[in-house]
Amino acid sequence: MAQGGLRSRKLVWGAAAAVLVGCSIWAVATMLGSSSGPITPGPSVTRRLTAEQYQNIIHDLFGSDIDLGGRIEPDLRVNGLLAVGASHVSITAAGMEQYDAMARAVAAQALDEYHRDMLLPCQPVSASDVDEECARAFLSKVGRLIYRRALTENQLEAYVTAAAEATRLTHSFHEGLALSLSGMLSSPSFLFREEVLEPDPQQPGLYRLDAYSRASQLSFFLWNSAPDSKLLSAAESGELHTRKGLARQVDRMMASPRLEAGIRAFFIDQLRFDEFETLAKDAALFPKFSAQVAEDAREQTLRTVIDVALTRNRDIREIYTTKKTFMTPALGAIYRVPVYKEGPNGSPDAWQPFEFPSSDSRGGILTQVAFTSLHSPAGRGSPTLRGKAVREIMLCQQVPAPPADVDFSSFEEGDAHAAATARERLNAHATVASCAGCHKIIDPIGFALEHFDGAGEYRLTEAGAPIDASGELDGITYEDAGGLGEAVYRNPAATSCLVDRLSARALGRTVTAGERNWVKDLKEAFADSGYRLPALMREIVMSETLYSASVPVDEPAQQVAAAAVESGVVEVQ
Amino acid sequence: MKGQQNPMSISGARALPWVLGLAVLALSVPADSAETRQFAISWFAQATYSNDKDCSGGVHPEIELLYLRYASALGAKPSQIEDWRHKLMQGENVQDLNELVSNRGRIDGLPVNPYTHPAAVMDLNMPGLDGKYAFGFNLDGQGAEDPNGFEDPQTGERGVDHQLYRALGCARAFRGSLEDRPTYWAWSWGQLKDSKPAWLITVSGEDLSKDGPVTVALDRALEYLRSNADGTPRFDMAYRIDPDPRSRNVFRGEIKDGVVTITEHGTLRLLQNPLVAPELELSSVHLRLTLNPDRSARGFLGGYQPWHPIYWGMAGVGFGGEQQVTGDIPGYYHLMKRYADADPDPVTGLNRAISVTYYIEAIPVFAAPVTDTERQLTRR
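Residues numbered from 1 in each chain as written. Chains lettered and ligands numbered in written order. Predicted model: local features only at pLDDT ≥ 70, side-chain atom pairs only at ≥ 80, totals over all residues.

K.L.:
For this particular structure, what's the right way to read the overall build of chain B?
P.N.:
For chain B, the helix and strand inventory stands at 10 helices and 16 strands. For chain B, with 380 residues in total, the buried portion stands at 47%. Taking the contacts inside chain B whose residues are at least 6 apart along the sequence as the reference set, 66% of them involve residues at least 24 apart. (Helix = DSSP H or I, 4+ residues; strand = E, 2+ residues; numbered from the N terminus. Buried ≥ 20, exposed ≤ 12 C-beta atoms within 10 Å, placed from the backbone. Contact = placed C-beta atoms within 7 Å.)

K.L.:
Sorry if this is basic, but what is going on with the overall build of chain A here?
P.N.:
Along the backbone of chain A there are 24 helices and 14 strands. Considering chain A as a whole, with its 573 residues, one finds that 48% of them fall into the buried category. Of the contacts made within chain A by residues no fewer than 6 positions apart, 69% connect residues no fewer than 24 positions apart.

K.L.:
Honestly, the nonpolar core in this entry has me stumped. Any pointers?
P.N.:
Most often, soluble globular proteins have nonpolar side chains that are buried together. Ala 40, Met 336 and Ile 354 of chain B are the most contacted members of the largest nonpolar core, which has 194 residues in total. Not counting residues up to four positions away in its chain, the partners in contact with Ile 354 of chain B are Gln 163, Leu 164, Ala 167, Tyr 304, Gln 305, Trp 307, Met 336, Tyr 339, Ala 340, Asp 341 and Ala 342 of chain B. Counting 34 residues, the second-largest nonpolar core is a separate cluster that includes Ile 57, Leu 120, Ile 146 and Met 184 of chain A. (Core = buried A, V, L, I, M, F, W, Y, C linked by C-beta atoms within 7 Å.)

K.L.:
Looking at this structure, I do not really get the environment of Trp 312 of chain B. What am I missing?
P.N.:
Residues and elements named next belong to chain B. With respect to the element layout, Trp 312 can be found in helix H7 (residues 307-315). For Trp 312, a count of 16 C-beta atoms within 10 Å puts it in the partly exposed group. Between the C-alpha atoms of Trp 312 and Leu 275, which are 37 residues apart in sequence, the distance is 9.4 Å.

K.L.:
How should I be thinking about unusual backbone geometry in this particular structure?
P.N.:
Across the chain, the bulk of peptide bonds are trans and the bulk of non-glycine residues have phi less than zero. All names here are of chain B. The phi dihedral of Asp 257 is positive, around 50°, even though this residue is not glycine. Along the polypeptide, Asp 257 turns up in the loop between strand S9 (248-256) and strand S10 (259-262). Here the phi dihedral of Ser 284 falls at roughly 50°; this positive angle occurs in a residue that is not glycine. For Ser 284, the position within the fold is in strand S12 (residues 277-291).

K.L.:
Sorry if this is basic, but what is going on with the packing of helix H3 (residues 93-110) of chain A against helix H7 (residues 173-185) of chain A here?
P.N.:
A pair of packed helices is captured by two measures, namely the crossing angle of their axes and the spacing between those axes. All names here are of chain A. One way to put it is that H3 packs onto H7 with a least axis distance of 8 Å and a crossing angle of 135°. With respect to their mutual orientation, H3 and H7 come out oblique. Judged by the twist between their axes, the crossing of H3 over H7 is right-handed. Between H3 and H7, the contacting residues are Ala 103, Arg 104, Val 106, Ala 107, Ala 108 and Ala 110 on the first element and Ala 178, Leu 181, Ser 182 and Leu 185 on the second. (Axes fitted to C-alpha atoms, helices over the stretch in contact; angles between N-to-C directions. Parallel < 35°, antiparallel > 145°, perpendicular 65-115°, else oblique. Left-handed = near helix turned anticlockwise from the far one by under 90°.)

K.L.:
Mind showing me how you'd approach the environment of Ser 126 of chain A here?
P.N.:
Residues and elements named next belong to chain A. Within the fold, Ser 126 resides in the loop between helix H4 (116-119) and helix H5 (132-147). Taking the C-beta count within 10 Å as the criterion, Ser 126 has 11 such neighbours and is therefore assigned exposed. As for Ser 126 and His 171, which are separated by 45 residues in sequence, their C-alpha atoms are 9.9 Å apart.

K.L.:
Please explain the packing of helix H21 (residues 492-507) of chain A against helix H22 (residues 516-528) of chain A as it appears in this structure.
P.N.:
Residues and elements named next belong to chain A. For the pair H21 and H22, interaxial distance at closest approach is 10 Å and the crossing angle is 125°. Classed by the angle they form, the pair H21 and H22 counts as oblique. Along this stretch, H21 crosses H22, giving a crossing that reads as right-handed. Residues Thr 495, Ser 496, Val 499, Asp 500 and Ser 503 of H21 lie in contact with H22, whose contacting residues are Val 519, Leu 522, Lys 523 and Phe 526.

K.L.:
It is not clear to me how helix H16 (residues 383-394) of chain A should be interpreted in this structure. Could you clarify?
P.N.:
All names here are of chain A. Between the first and last C-alpha of H16 there are 15 Å, a value that for 12 residues agrees with the 16 Å anticipated at 1.5 Å per step. Counting buried residues in H16 gives 9 out of 12 residues, a clear majority hidden from the surface. Among the residues of H16, Pro 383, Thr 384, Arg 386, Gly 387, Lys 388, Ala 389, Val 390, Arg 391 and Met 394 are the ones counted as buried. Immediately downstream of H16, the backbone of Cys 396 shows phi near 60°, a positive value. (Expected span 1.5 Å × (residues − 1).)

K.L.:
How should I be thinking about the pairing of strand S6 (residues 197-205) of chain B in this particular structure?
P.N.:
Walk down a regular strand and you will see the side chains alternate between the two sheet faces. Residue and element names in this part refer to chain B. Most of S6 is tucked away: 9 of the 9 residues are buried. Looking at chain direction, strand S1 (residues 35-46) and S6 are connected through 6 bridges and run antiparallel. In the strand pairing of S6, Phe 39 is matched with Ile 201. Sheet analysis places S6 next to strand S7 (residues 212-224), joined by 8 bridges and oriented antiparallel. Its bridge partner lying in S7, Val 203 is registered against Val 216. Here S6 hands over to S7 after 6 residues, the two strands then running antiparallel side by side. (Pairing = 2+ DSSP bridges.)

K.L.:
Would you mind showing me how to read helix H9 (residues 329-339) of chain B here?
P.N.:
Since the α-helix advances by 3.6 residues per turn, residues separated by three or four positions end up pointing in the same direction. Of all 11 residues that make up H9 of chain B, 9 are buried, and the element is covered over most of its length. Contact partners of the buried residues in H9 of chain B: helix H5 (163-168), H7, helix H8 (318-326) and strand S15 (351-364) of chain B.

K.L.:
Honestly, the confidence of the model for chain B in this entry has me stumped. Any pointers?
P.N.:
Note that predicted coordinates carrying low pLDDT should not be read in detail. Residues and elements named next belong to chain B. A residue-level look at chain B finds 89% of positions with pLDDT of 70 or above and a mean pLDDT of 89. Per-residue pLDDT stays below 50 along residues 1-31; that stretch engages in 58 contacts with residues further than four places along the chain or on separate chains. Interface scoring of the predicted complex returns ipTM 0.79; its pTM is 0.84. (pLDDT = per-residue confidence, 0-100.)

K.L.:
Even after reading the chapter, I still don't get the environment of Ala 101 of chain A, so can you show me in this structure?
P.N.:
All names here are of chain A. Looking at where Ala 101 falls in the secondary structure, it is placed in helix H3. Residue classification places Ala 101 among the partly exposed positions, given that 15 C-beta atoms sit within 10 Å. Sequence separation of Ala 101 and Leu 279 is 178 residues, and the distance between their C-alpha atoms is 28 Å. Discounting residues that sit within four places of it in the chain, Ala 101 has contacts with Gly 69 and Gly 70.

K.L.:
Explain the pairing of strand S11 (residues 268-273) of chain B here, please?
P.N.:
All names here are of chain B. Bridge analysis of S11 against S12 gives 5 bridges, and the strand direction is antiparallel. Opposite Leu 268, over in S12, you have Leu 282 as the bridge partner. Remark: 3 residues form the turn of the hairpin made by S11 and S12, two consecutive strands paired antiparallel.

K.L.:
Which parts of the structure should I look at to understand the confidence of the model for chain A?
P.N.:
Residue and element names in this part refer to chain A. Mean pLDDT for chain A: 87, with 87% of residues reaching 70 or above. Low pLDDT, under 50, characterises residues 1-30; the predicted model gives this stretch 81 contacts beyond four residues in sequence or across chains. Across residues 569-573 the pLDDT falls below 50, and counting only partners more than four positions away or on other chains, this stretch makes 9 contacts in the model.

Right under this line is the structure:
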């Protein structure tokens, strides 16, 4: 937590605002309009910043060369997304120590002699004395960006006072400022995205996010970072509460190069690429696979997605079939294609566009090293894990965990069931009644990827036996990985899943039953756009459902909120 | 081949530059070549076939014992020699001995660096190898009649010329086999592979699965040999061919039963690494390269090589390297001088080249010529 005087953080509840924390609250029966029918907004949520968001904000505010100096506690995946898990996690005592250490490290760098001139809006009277005016100017400016709303006078005064006291002790104006800055960076108001609600004047009985919360909702969804000064200004002027003003800001944000960060963040989350942090392969079995290859593979898929979704603004389903991708020389070795280095010997390997021939079974992200290696154990490939991943990640279908007493040795051992190939072993294994149900719906998907070993390298045989890569997905049969990509492309669950996950990411929670009409609208609009992802993102951020929330009934928080509305300013110490 | 590309069949976005590159490579790849396989050399060392019967004069003693011999020859008293011997056996410091032998050359009676002045170091007349077998080629055409010829243990060919093996084969650091790699060459290649651009082999022919004529190109890449995380060479990397004419070599050859040989024996030049030897130069080049089912290749490269550069490659390690790796470096100078068998100096009559055989292993890669722009950009 913040140190010294900053510990006495004051939470100010505005005259018509209430901070509503948690997602397990019931909605009031109020409704928004929809072409598919009525929409009842779901609850508001409070989300802990993800590790990536924390980093993005720090780099946006202070420069990309700032070293965070630590690691944030692991995020939690809920209903397929870390973005949803972010509303389910808190911070442990040990985690708070990490945040505090990181805040101090970041603040020290931000105010060191290399960075301070770019950040400070003024020059202190003396580098060793208190200058409250200059400190106030800096802290109010940076505090607004860190808290994602203007600081209250009480908050600002507390930080200015703390900085002054620290300056007197350290005889350094900048160290004094750094203390207050680190306090801001340890504050729950920074580390958590609180949603502040207010009655919606346009729709009596409904609640809406206040303008600042609206700005955060927009910014974290589109840029995966905090609002910039322009967006906060739009919030302060009331522009964001008008449809025209909202559209103006959405246009600006979607035209920004930072939109790529937002799309990347979604796919990193959706594709579970956080799992690359723990991915390892047996070097004796897969000598080409290294930490660099893993990093390149992850980046390759992200570049492929960005190319389809943003650069070329194509039908997003093409990510499952596109022959176009990007390569590094190290990846080229795994794909067995020539990727010649560009630039001087010894320079970092550059990314190069690459296109597989139409006859090649490689195509789409399912056939890329990132997917095939991530969903394989360290020493082999796995039709089961890959099939399960397609079901859960691409189609949003839940595959039950295996029975507790399942004997994996019957598959793990290469000679199990006297079989040469994984298909033969799995087919034998699937004769066990308790296993057959699930394997029947996941293995035929994974079989299509059997030409790719545990590291994603192409192979024609397994243990000397030819590989049969035919399979089936929801009634569509195919002969190889290319066919699987086509099958996912055509499967309506794939686009439905994308809308479900993207809307959940925007809300920070899974949509409620009352919001299903909204999602139905989104799916129709998505189809109408030819499955263009930017169009879907615009549809989401232009929807009032994203900025509306229900208020809990008959719960303590609701009673407090009601009291706040009735009595004006309520200050909670 | 579906789903992957054979190094011979390039396609995709790189296809166009590859095709253009082939045009530049017109000398090395005939226009009518239908199949090309490319390799990067991943192991390069003198071919050795050490066994219990190849050094009738005995394997050379450890370097410490040779130092005592040098010390004795340089006038150290027997009691001093015994004291040093005792200390050496106890692992004690012998600074005075080290100072003596690290300057054991003599010019006008004054001590000089023995590695830079090997001819000024007395010749201990260490024995050469006199075994029957050695890998290599019948370079001089004498065949079975060649009194210095070996018999190749793989092919059975008689009259194999490999005098470098005869010169160094009884020194501990140079003993080994294709599997048990000689210490010096393992060290040498370890230094080279990560500090010099890779050496490339391109074999082109109508159908490499059948017997017939081929073209063999040996080039240097711009990139170093790329390795896997476990240190093994990485298959299927792509290398740019250095256009420097000092490293471009093309030979006519043939493939028979999956073995590639050179039929026109010219001169080979490949830039190497100044830290070991600036250049590998072979005349009367011979090659026997077996193409393996796993797409790799292994075989032998032979010819006559100026022996002074071989010496200077060793000499660079100095006193520390002599103790740790090579053994008696000036002694090797005398041995190579003794066994050199080609290119006599027109004035002195001393042979300046020695017959050699190198054992090579190679991995499948992609290779293509660079553009002029890349050439300018590339740091050597």
